[in-house]
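Close look at the chain arrangement
Listed below are the residues making up each chain.
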Amino acid sequence: MLGRLVNNLRARLAIRTLDKNPVYRAAVKAIRETLADDSKGLGKCASQMFKEELAERLIREAGEVVMARDSIMANREKLASYVLEMAAYQVLILASPMEEEEDVTGLRGRPGITGELKPHLQEIAEKDKDIKELASSLDNPTPQDLYEVCLYKYWVVGFMAGVFNCIRIALGDYHSSAEKDWYRPFVAAMCAWEEHKYREAIGLPDVLGSQDDYGSMAALKYSTFFNIVMTGAKYPNLEWEEHFKPEHT
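Here goes a summary of the coordinates provided. Everything numeric here is computed off the predicted structure, so don't read it as measured data.

1. Looking at unusual backbone geometry
Residues other than glycine seldom take positive phi values, yet N140 does so here, at roughly 45°. Relative to the elements of secondary structure, N140 occurs in the loop between helix 7 (129–136) and helix 8 (143–170).

So, in structure tokens, the structure goes:
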């Protein structure tokens, strides 16, 4: 009984400490703003139960980051994981240049990112393990069904990545010049890597290899951005660019 009371007291004290932490408060604010916005995305389409469960998970993970010995690296670990997962869905739902839909991400046209995968969703669902599992949760899915479930997954993991990006900013893990910050280049690199894997799986041409001096090794080059983020480099994009300068090849 006494042990349980002590543990409950510690838990309450920890919550009070977190509530005063500006990084934690920034995360909670980001979570609330997105899930309370019933005009679009998760706020509009997700059930109340799902939103509550997702909020609880993210608040718990934000607390883990704040309480970690090295909060920056603890946050990078979660952020990098969610960005990689987000990229896997981003390239599947990205509109092609032939569609009227505007590319609000600014990703299409970056190296290796084409917007050409959406028409191939059924083929990808036959070849890629994760998308196959997603498709198996549906009953005889049409291409539109596959698109919508991928879009929903993108909303979820994109939101999660966004929360930890807010934490990254609150922790000061960014470049003061927005043009030199590493988050968007990281997202673009992971999208290029994920699109390459899908293309390889269904036999589409290696666009990234044709655009980059590294040729058939270009995809591996882009995948290393993830590793550089996890080394703790202050500015991962600058280190990645420096490492792959011609004189280093």
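So that's the structure; there's more coming.
2. Some points on the pattern of salt bridges
Between side chains of opposite charge, a pair can form when the charged atoms approach closely. A complete count under the given rule lists 13 salt bridges for this structure. A salt bridge links R76 to D173; the shortest N-O distance between them is 2.8 Å. A residue pair is termed long-range when its members are at least 10 positions apart, and R76 in helix 5 (residues 71–93) and D173 in the loop between helix 8 and helix 9 (183–202) qualify at 97 residues. This pair shows no difference in class: R76 is buried, exactly as D173 is. Notably, a salt bridge pairs E133 with K129, separated by 3.1 Å at the nearest N-O pair. Of this pair, E133 and K129 both sit in helix 7, four residues apart, roughly one helical turn. The partly exposed category is assigned to E133, whose relative accessible area is 46%. Bridged by salt links that share partners, the residues R57, E61, E64 and K78 form one connected network.

3. As for the environment of K245
Residue position: K245 is located in the segment after helix 12 (236–243). Separated by 104 residues in the primary sequence, K245 and P141 have C-alpha atoms spaced 45 Å apart.

4. Observations concerning the packing of aromatic side chains
The relation between two aromatic rings is expressed through the spacing of the ring centres and the mutual angle of the planes. In total, this model carries ten aromatic pairs according to the counting rule given. An angle of 55° between the planes, with centres 6.1 Å apart, marks the rings of W182 and F186 as tilted. Arranged with centres 5.1 Å apart and planes meeting at 65°, the rings of Y222 and W240 form a pair that is edge-to-face. Note that Y222 is positioned in helix 11 (residues 218–231) and W240 in helix 12, a separation of 18 residues in sequence. As far as burial versus exposure is concerned, Y222 and W240 are alike and both buried.

5. Some remarks on the side chain of K51
By the element assignment, K51 lies in helix 4 (residues 48–67). Among buried Asp, Glu, Lys and Arg side chains, K51 stands out as unpaired, with D38 the closest opposite charge at 7.3 Å. When near neighbours in sequence (up to four residues on either side) are disregarded, K51 contacts L35, L42, G43 and A46.

6. Let's talk about helix 4
With 20 residues, helix 4 ought to run about 28 Å at 1.5 Å a step, and its terminal C-alpha atoms sit 28 Å apart, in line with that. Those residues of helix 4 lying buried are K51, L54, A55, L58, E61, A62, G63, V65 and V66.

7. Quick notes on the environment of D37
Tracing the backbone through its elements, the reader meets D37 in the loop between helix 2 (22–36) and helix 3 (41–45). Discounting residues that sit within four places of it in the chain, D37 has contacts with G43 and K44. Polar side-chain contacts of D37 include one of 2.5 Å to the side chain of S39.

Rules behind the numbers
- Residues numbered from 1 in each chain as written.
- Predicted model: local features only at pLDDT ≥ 70, side-chain atom pairs only at ≥ 80, totals over all residues.
- Heavy atoms only, no water.
- Helix = DSSP H or I, 4+ residues; strand = E, 2+ residues; numbered from the N terminus.
- Salt bridge = Lys/Arg side-chain N within 4 Å of Asp/Glu carboxyl O.
- Buried < 20%, exposed > 50% of the residue type's maximum accessible area, 1.4 Å probe, protein only.
- Phe/Tyr/Trp six-rings, centres within 6.5 Å; stacked < 30°, edge-to-face > 60°.
- Lys, Arg positive; Asp, Glu negative; His and termini not counted.
- Contact = heavy atoms within 4.5 Å.
- Expected span 1.5 Å × (residues − 1).
- Polar contact = N/O pair within 3.5 Å; in protein donor to acceptor, adjacent residues only side chain to side chain.

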